Amino acid sequence: MGARKFSEVTQNVDVFLPTDVTNRFEYIRHISNIDQLAPHLGGRSNGWRELAFTVGAAHTAVFDLGSTRAGPAARARNGQGGGRRGRRASKEVLLPQAAEAAVSGVDDADAALLFEWTTRLTTQRASFTNSIHGEIARVFARDLIRPSARFNYRSTIRLVEKGFYEFLNWFDDFSWYPLGRVVGGTVYPGIMITAGIAHWIMNALNFPVDIRNVCVFLAPFFSAFTAVACYLLTTEIKDASAGLLAAAFIGIAPGYISRSVAGSYDNEGIAIFLLMITFYFWLKALKLGSAFYGGIAALFYFYMVSAWGGYVFIINLIPLHVLTLLCMGRFTPRLYVSYSTFYVVGTLSSMEIPFVGFQPTWTSEHMAALGVFGLIQIFAFVEVVRSHLSAKDFQNLLYALVFFVGGLGIYTDMIAAGKIAPFTGRFYSLWDTGYAKKYIPIIASVSEHQPTPWTSFFFDLQLLMPLFPAGVYFCFQELRDEHVFIILYAVTGSYFASVMVRLMLTLTPCVCIASAFAVSKLLDVYLSWPKEIVDDEDEGEPETVKKAAEGKSSEPKAPKTILFGIKESDASFAIVLSVSVILVLFAWHCTWVTSNSYSSPSIVLASTNRDGSQHIIDDFREAYYWLRQNSAPEDKILSWWDYGYQITGMANRTVLVDNNTWNNTHIATVGKVMSCSQDVAYPVMRKHDVKFVLVIFGAVLGYSGDDINKFLWMIRIGEGVYPNDVSERKFFTERGEYRVDDGATETMKNSVMYRASYYRFAELYGPQGQPYDRVRGQSIPRTPIGLHVMDEAFTSENYIVRIYQVKDLDNVGRSLNAASSFGKVKRKKRVSAKPPVAKAAKKRVDDDDD
């Protein structure tokens, strides 16, 4: 009966262990569920652990849980021995005997059928494994593999298992060793709380679902809400037809799908919905002058503050909208009520988030909202005074200007006095793209903080790019309050998206709304029936012309009408057909971009073989699984911060730095270790109890995201804190070239990063081959590279991940360099020198002989 009781056999439970199999249905469920297990729990790893089935003696099945992905070279390096399958972990499972078979419903015929099905599955293994692996990697692996998603998942597990208050007080000692991290006060907890509430609701309604599945599908679930929010927002700007188009555009636009695919468990997965729904209720409140809708907008703003740091965009764009309306002379009680309600409720509620705290009262990013709030109070006061007293408009304007200039002066004085914090470096980098590179290299080192190339706009938006300015033009034609908001959104969003790749996400909804506005305007003309409307062209004629025309004819004149719309159906059909074809091609482009660029997990790489089949490169998970199995739980791992979340989440080991990047000095310490020589780096590693060093090396396969390409950022960050130990200039040649071949500088060749990357790299090319770096396009010298403070512990199958174990101190007190070279240098045979007297005597004897 296996490891379960008879009462449990009839229950529909997941069967993960072979010992739980009691009938053929559970066996099929078992081989399906084995893919969902983590590697350390018996799931497939290192190329997806496969289940091979062989027939043994009577009623005996042998399950081979060995992996077949690792190549012979990798297994030889890792100590697994030769052979195709390497070292197996075979396990015998005895099927139930006749007595138990009667109970479990398994007889000889069932067993034969089971063997037949297993044989068929085994023969189809090659194609089936590739397809299943691709789908699982695309859908399920992403939530556990993306760096920030992995950390969010760990935090959500803590929240669900320990409760909300334990989550807020959680001290994570697996990150930023030896400092640690107080998670509750350093994260935006919105996405974790959302997933936890969804998990609780579904289980309360008797829909048992694992929290992992909730995290995987949370972003696609909220993407549907985003489409609804875009529909509602566009209907406030134009009508329902434009709203439907906007919802369709946001549903397929690659610029948004990049953060809303299944498994993208990031803050942006729910933040874009909150961004759109906040803007919708703001415009609703502005139209109606409703404090109720203003309060709802403030509550969604509070939700946005808890979910993503991009809430700063909301708290600056809405005040900018209000200020623009005031400058246009459009102050109304509706504007006063809506903005005052939004600002007061939104600011007070946002201060409840621990990570935000009192920042809305003293940081520069929030001062624009406070200034506009004070300005609108002045406008309201002036209107009240004007309604009761006869004051001159000039005096009112002068008083408002005096108050505004005085407030600006007070604000400047408070910044100078330190009462208000200046803008952050990330904010300055939005206005000066070279600021971060000069002063804060840790910000510039993030790929998402780089300026956006113009090709990315067309790649992510394609057809929407030419339609976007057309929609903004139509907004200028009408220029109602809501149209002013879209114009401001378009201008600011376009600028920020151009200076930072990551902010393309905030621009995409605005582009979809404006494009839907333009297409809807076009279809309104060509799809509507021709109708007569009153011609108002004569409104611009001078009054004298109108009076002269009335004097000549005393008879009442019928109003002039013109025909609106396209009279010929052929022209309408041609235009509508053309637009439909263009939209279909746009949908085709979006599907292609999504499937090829935004649907693959970042940790499982895929390439295409010559025959068109897919080749999976699984080096990252192979390395993290090795770390988990071959290192002690208390071991500390040193790597660049890009891989911190992955190591902590997948290898369950402590790291020095991770993707939170909150401590520049600690990151600079890692940069110093990588940039300096072994003798300088070793004391730092010992000081931080480092046991393993992990580097990413892509020269073998041509993987451009390796650490050598990121090395300059490590050098710059390290130089900012340790200028005496690290100098960027020493890593460039005299001609200013960044080289890794024979022309590389001695500082480059002696750095820990260079030696750890190219260690034993020449051996791959044999005794006569020339080592070649496929990423840098340079030939690597064959001179052997030595390591005396580290030993190679693991190298993945494709040489992408390399792990080195840091040596302990020498037992007899020698330096590690001397200890490593001991016994390797052959001593020269000593030649005893003859005394000078003997030489002189011999010379005299030779002279006598002559």
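Worth saying up front: this structure is predicted, and the values here are computed from it rather than measured.

1. Focus on the pairing of strand E8 (residues 605–608)
Every regular strand shows the same layout, with side chains that alternate between the two sheet faces.
Logical step 1: Where E8 and strand E9 (residues 614–617) come together, four bridges link them in antiparallel fashion. Bridge pairing links alanine 606 to isoleucine 616 in E9.
Logical step 2: Taken together, E8 and the strand that follows it, E9, pair antiparallel across an intervening segment of five residues, in which glycine 612 is found at a positive phi of about 90°.

2. Some points on the pairing of strand E12 (residues 690–696)
Logical step 1: Within E12, six of the seven residues are buried, leaving the element largely enclosed by the surrounding structure.
Logical step 2: When strand E10 (residues 636–638) meets E12, the two strands line up parallel, connected through three bridges. Within E12, the residue paired with lysine 636 across the bridge is valine 690.
Logical step 3: Where E12 lies against strand E16 (residues 801–806), five bridges are found, and the strand directions are antiparallel. Within E16, the residue paired with valine 693 across the bridge is tyrosine 804.

3. Comments concerning helix H33 (residues 678–687)
Logical step 1: Of the residues making up H33, those classed as buried are Gln678, Ala681, Tyr682, Val684 and Met685.
Logical step 2: Just downstream of H33 lies aspartate 689, where phi reads positive at about 55°.

4. Notes on the nonpolar core
Considering soluble globular proteins, one finds that nonpolar side chains tend to be buried as a cluster.
Logical step 1: Counting 113 residues, the largest nonpolar core has Leu275, Met276, Phe279 and Tyr339 as the members making the most contacts within it.
Logical step 2: The element that contributes the greatest number of residues to this core is helix H14 (residues 268–288), accounting for 14 residues.
Logical step 3: The residues contacting phenylalanine 279, other than those within four sequence positions of it, are Leu233, Phe313, Ile314, Leu317, Ile318, Phe485 and Tyr489.
Logical step 4: Counting 72 residues, the second largest nonpolar core, distinct from the first, contains Leu605, Val673, Met674 and Leu712.

5. Digging into the confidence of the model for the protein chain
Regions with low pLDDT carry predicted coordinates that are not meant to be interpreted in detail.
Logical step 1: Residues at a pLDDT of 70 or more form 68% of the protein chain, whose mean pLDDT is 76.
Logical step 2: Across residues 38–42, where pLDDT falls below 50, the model places nine contacts with residues more than four positions away in sequence or in other chains.

6. Here we look at the packing of helix H25 (residues 464–478) against helix H27 (residues 504–527)
Logical step 1: Where H25 meets H27, the closest approach of the two axes is 7 Å, and the angle between their N-to-C directions is 70°. When the axes of H25 and H27 are compared, the pair comes out roughly perpendicular. Of H27, the residues touching H25 (which contributes Leu464, Leu467, Phe468, Ala470, Gly471, Val472, Phe474, Cys475 and Glu478) are Leu507, Cys510, Val511, Cys512, Ala514, Ser515, Phe517, Ala518, Val519 and Lys521.
Logical step 2: Broken down by class, the residue content of the contact of H25 with H27 amounts to 15 nonpolar, two polar and two charged.

Reading the values: the criteria
- Residues numbered from 1 in each chain as written.
- Predicted model: local features only at pLDDT ≥ 70, side-chain atom pairs only at ≥ 80, totals over all residues.
- Heavy atoms only, no water.
- Pairing = 2+ DSSP bridges.
- Helix = DSSP H or I, 4+ residues; strand = E, 2+ residues; numbered from the N terminus.
- Buried < 20%, exposed > 50% of the residue type's maximum accessible area, 1.4 Å probe, protein only.
- Core = buried A, V, L, I, M, F, W, Y, C linked by side-chain atoms within 4.5 Å.
- Contact = heavy atoms within 4.5 Å.
- pLDDT = per-residue confidence, 0-100.
- Axes fitted to C-alpha atoms, helices over the stretch in contact; angles between N-to-C directions.
- Parallel < 35°, antiparallel > 145°, perpendicular 65-115°, else oblique.
- Nonpolar A, V, L, I, M, F, W, Y, C, P; charged D, E, K, R; others polar.

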